[in-house]
Amino acid sequence: MSRPQMLVVAAALGLAFSQTVIAAAETPAASAVLAGNPLATASKLPFNYPVFDQIKDEHFAPAFTEGMRIQLEEIAAIANNPKPATFDNTIVAMEKSGELLSRTQTVFYNLQGANTNDKMDAIDSEMSAKLAAHGDAIYLNPQLFARVHSLYQQRAKLKLDAEARHLLERYHKDFVRAGAQLSDADKEKLKNLNASIATLQTSFSQSVLKEANAAALIVDSRAELAGMSEAAIDAAAAAAKAKGLDGKFLVSIVNTSGQPALAELTDRNVREKLMALSLARGSHGGEFDSREIVLKIAKARAEKATLLGYANFAAYALDDQTAHDTKSVNQLLGDLAKPAVNNARKEAADLQAMVVADGATFQLGAADWAYYADKVRAQRYAFDEKQIKPYFELDNVLTKGVFFAANKLYGISFKERKDLPVYNPDVRVFDVFDANGKQLAIFMADMYARGNKQGGAWMNEYSSQSKLLGRHPVVANHLNIPKPPAGEPTLLTYDEVSTAFHEFGHALHGMFSNVTYPRFSGTSVPSDFVEYPSQANEMWAVWPEVLANYAKHYKTGEPMPKELLDKVIESRKFNRGFTATEYLASSLLDQRWHQLTPAQIPSDVLAFEASALKDLGVDFAPVPPRYRTTYFSHSFSGGYAAGYYAYLWSEKLTADTEVWFKQNGGLKRASGDWYRNQLLSRGGTDDAMKLFRNFRGRDAIIEPLLERRGLK
Ligand SMILES: [Zn+2]
């Protein structure tokens, strides 16, 4: 069955969203209630690729219900088996249970993230509490836990191979963390808490998406959007028209505090209006105000942690991570906060000087940062984003950059296919072949932004590799690149290029998975480890041989001039104080909210946020947190609760890995194969830090991270 994995997803600086992914096995056929329902059986398409053209919204709810019913029957048969517990009749049997539910969840949650609608949102709301209760019915089943526990106690004598033994230990830990050792009365309390947390998280996530749509900036004239490209202004006019606002212009809001248009808008009043709309999300009253939800989530999580014997929710969450405890996380974040803010203040002084040079007198604010940062960048490195974008055309970036690097490192190759159904015509599908010519995976690229798509960027799987179940990976990457008007090329910013490499790093982790048990497939690793392979893959975006292959002018095919290329690489050092500060502010907020006991939950969200930022020394107004509390999906929708620190934690491994690749000849098969065999293919089959040591030959050191972040 495999416990629902919070599978990751995110981009360089923490754009992420999480998805629930479960793998499972052959099970009894679904009953007649699913007659004609394409979710009833495994897809006959290659690698069980979903039949997107046949699956309709109305198929999900009955498949969920039937899937839960069947799995509970399977679990009852395991728990009540009169024969003594064995690894096969208990642990392996659980790994094989829940096939229908797993298939339904996988397709539903992947689509709900990438292509939702009101019906799917309603199903999500209806199912979240039911699924939480379903999980509790399994993990809080005393007969089942008794079998797991007895196996766990005899584990040394069971003659299990290393992966099987790790699986048994993992299951035992999953049960204990889910409350299997609580009294009956406490189990009931826990079930109620889990149900309400699930419902609250779902409503938080839906509110954030709806609020972002509702908060779009609307202006009356083209002039107000001066600074944006003609194409972007046309797109804004079309977006307004689509909402019945003929003659007006609509600039949509992305899910971070910072907004892309802030770098371009020359009218300071418009910038300030846009920034204010962004920062006020979820906390200005109205239908999508999320403050009450935040408080309820924080309280329920704290109560859950207390029930399970932990001081607070962060302590509970971190106990299952490579970081282990709040002390080590507080220390890392706290140590870096001061130098990061100092760097940001220095950068702010440079920007203020540019304001003055511009003949203005105002004090630099959050709304002005990106605009003046671009000016300073242009002056210091003598280029701006508009000069480099023509060299970053989407198809080139993907096939001649991302795929090219993977080919050089791992020998894998890609062939686009158009015969498989897709849920949106913009989605592209590729067969992925291993160096020996054998098909390894199917890769889906869903690159464009849509109003019904979660913000940020992420990876997920429609099928997870498992030898036990005979499954091969079907992996998808999702980005939010603005779609240009018909006939125009899709030109990426440097950040978007980097994000494409990042998400593909997650995809490689899924595609190279070579494990037996679904519980350990691909990215089923601690969430403070999972960002590491994706971050590590970002290094190839600026590797000279890779850049030279993909960074070609979309009109002329001319390669990006060497000087411009060098400047792009050099300019990565620019604005590092800002990026570190906005990230640390959100990470620290995430910890603060989750290091509270139930009695310490405040009543005023914004006051708590302000005092926490001040207290931690990251209350520098020109650099707001990357996500404020009320639209901080990582923290309050589920996946990264008390876990947003994970990006920086993983980055220590990333930076050290970059050093290793550079010392070992860079982009070459021998290095790629070593990394793949020691780490990427191993999924969660062993302790994550041990896998890193196997690859690196020692533990990670901090210096490369400090260097990379400019924090030395
Ligand atoms: Zn990621």
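This text goes with the structure placed above it.
In this text, all values refer to a predicted model and were calculated from it rather than measured experimentally. (Residues numbered from 1 in each chain as written. Predicted model: local features only at pLDDT ≥ 70, side-chain atom pairs only at ≥ 80, totals over all residues. Heavy atoms only, no water.)

J.: It is not clear to me how the overall build of the protein should be interpreted in this structure. Could you clarify?
T.: The number of helices and strands found in the protein is 26 helices and nine strands. In terms of overall dimensions, the protein is globule-like: its C-alpha atoms have a radius of gyration of 25 Å, near the 27 Å expected for 712 residues. Principal-axis analysis of the C-alpha atoms places the extent of the protein at approximately 85 × 60 × 55 Å. A burial count over the protein gives 60% of its 712 residues as buried. Of the roughly 27,000 Å² of accessible surface on the protein, 53% is carried by carbon and sulfur atoms. The centroid of the 80 positive side-chain charges in the protein is displaced by 4 Å from the centroid of its 82 negative side-chain charges. (Helix = DSSP H or I, 4+ residues; strand = E, 2+ residues; numbered from the N terminus. Rg over C-alpha atoms; globule rule 2.2 N^0.38 Å. Buried < 20%, exposed > 50% of the residue type's maximum accessible area, 1.4 Å probe, protein only. Areas by Shrake-Rupley, 256 points an atom, 1.4 Å probe, with all protein chains shown as cover. Lys, Arg positive; Asp, Glu negative; His and termini not counted. Charge placed at Lys NZ, Arg CZ, Asp CG, Glu CD.)

J.: I tried to follow the sheet that holds strand β7 (residues 439-448) on my own but got confused; where do I start?
T.: Strand pairing in a sheet takes place through backbone hydrogen bonds and is either antiparallel or parallel in direction. Read across the open sheet, the five strands follow the order β5-β6-β7-β9-β8; overall the sheet is mixed. Of all the strands in the sheet, just β5 (413-417) and β8 (458-463) have a single pairing partner and so form its edges. When strand polarity is set aside, the average angle formed by the axes of neighbouring strands in this sheet is 30°. Across the face of the sheet, helix α16 (residues 494-511) comes into contact with β5, β6 (428-433), β7, β8 and β9 (474-481) while running at roughly 165° to β9. (Pairing = 2+ DSSP bridges. Axes fitted to C-alpha atoms, helices over the stretch in contact; angles between N-to-C directions. Contact = heavy atoms within 4.5 Å.)

J.: Quick question: what am I supposed to make of the environment of Phe 574 here?
T.: Along the chain, Phe 574 falls in the loop between α19 (562-570) and α20 (576-594). Taking the C-alpha atoms as reference points, Phe 574 and Ala 373, separated by 201 residues in sequence, lie 8.8 Å from one another. Residues in contact with Phe 574, not counting those within four places in the same chain, are Ala 373, Val 376, Arg 377, Arg 380 and Tyr 381.

J.: Looking at this structure, I do not really get helix α12 (residues 326-357). What am I missing?
T.: An α-helix turns once every 3.6 residues. As a result, residues three or four positions apart point the same way. Taking 1.5 Å per residue, 32 residues should reach 46 Å; α12 reaches 45 Å between its end C-alpha atoms and fits that length. Along its length, α12 shows its largest kink, about 30°, at Ala 337, and proline Pro 339 lies within four residues downstream of that point. Of the residues trailing α12, Gly 359 is marked for its positive phi of about 85°. (Expected span 1.5 Å × (residues − 1). Bend = angle between axes of the 7 residues up to and from the residue.)

J.: What is the right way to read the pattern of salt bridges from this model?
T.: Where charged atoms from two side chains of opposite charge approach closely, those side chains can pair. Using the criterion set out here, one finds 46 salt bridges in the structure. In this structure, Glu 126 and Lys 130 form a salt bridge, with 3.1 Å as the shortest nitrogen-oxygen distance. In this pair, Glu 126 and Lys 130 are both assigned in helix α4 (residues 118-139), four residues apart and thus about one turn of the helix distant. A residue is classified by how much of its surface remains accessible, and Lys 130, at 40% relative accessible area, is partly exposed. Asp 320 is the salt-bridge partner of Lys 173, the closest N and O atoms lying 3.3 Å from each other. Here Asp 320 lies in the loop between α11 (313-318) and α12 and Lys 173 lies in helix α6 (residues 162-177), a separation of 147 residues in the sequence. The exposure class of Lys 173 is partly exposed, given its relative accessible area of 34%. On the basis of relative accessible area, Asp 320 is assigned to the buried category, the value being 18%. By sharing partners, the salt bridges in this structure join Arg 170, Lys 173, Asp 174, Arg 177, Asp 320 and Arg 519 into a single network. (Salt bridge = Lys/Arg side-chain N within 4 Å of Asp/Glu carboxyl O.)

J.: Would you mind showing me how to read the side chain of Ser 463 here?
T.: Relative to the assigned elements, Ser 463 resides in strand β8. Only 2.6 Å separates the side chain of Ser 463 from the backbone oxygen of His 472, close enough to count as a polar contact. Discounting residues that sit within four places of it in the chain, Ser 463 has contacts with Phe 47, Arg 471, His 472, Pro 473 and Val 474. (Polar contact = N/O pair within 3.5 Å; in protein donor to acceptor, adjacent residues only side chain to side chain.)

J.: Where do I start with the packing of α12 against helix α13 (residues 369-381) in this structure?
T.: When two helices pack together, their arrangement is given by the angle between the helix axes and the distance between those axes. The geometry of α12 relative to α13 is characterised by a closest axis approach of 9 Å and an angle of 85° between their N-to-C directions. Considering the angle they form, α12 stands roughly perpendicular to α13. Listed contacts from α13 to Ala 344, Glu 347, Ala 348, Asp 350, Leu 351, Met 354 and Val 355 of α12 are Trp 369, Tyr 372, Ala 373, Lys 375, Val 376, Gln 379 and Arg 380. When the residues that make up the contact of α12 with α13 are grouped by side-chain class, the tally is nine nonpolar, one polar and four charged. (Parallel < 35°, antiparallel > 145°, perpendicular 65-115°, else oblique. Nonpolar A, V, L, I, M, F, W, Y, C, P; charged D, E, K, R; others polar.)

J.: Help me out: how do you make sense of helix α5 (residues 142-153) in this one?
T.: Here α5 spans 16 Å end to end across twelve residues, near enough to the 16 Å set by a 1.5 Å rise per residue. Inspection of α5 places Leu 144, Phe 145, Arg 147, Val 148 and Leu 151 among the buried residues, and these make up the whole buried set. Mapping the buried residues of α5 onto a view down its axis gives an arc of 155°, with all of them on the same face. Of the surrounding secondary structure, the elements contacted by the buried residues of α5 are α1 (57-79), α2 (87-96), α4 and α6. Its side-chain oxygen placed 3.0 Å from the backbone nitrogen of Gln 143, Asn 141 serves as the N-cap of α5. (Arc of directions from axis to C-beta.)

J.: Can you help me understand the nonpolar core in this one?
T.: Across soluble globular proteins, nonpolar side chains have a tendency to be buried as a group. In terms of nonpolar packing, the biggest core is built from 152 residues, with Phe 392, Phe 443, Phe 504, Met 511, Trp 540 and Tyr 550 touching the most fellow members. When residues in this core are grouped by element, the largest group, twelve residues, is from α12. The residues touching Tyr 550, leaving out its near neighbours within four places in the chain, are Tyr 391, Phe 392, Asn 396, Val 397, Lys 400, Gly 401, Val 497, Phe 501 and Ala 541. Among the nonpolar cores identified, the runner-up in size contains 30 residues, and Ile 123, Met 127, Leu 420 and Ile 442 belong to it. (Core = buried A, V, L, I, M, F, W, Y, C linked by side-chain atoms within 4.5 Å.)

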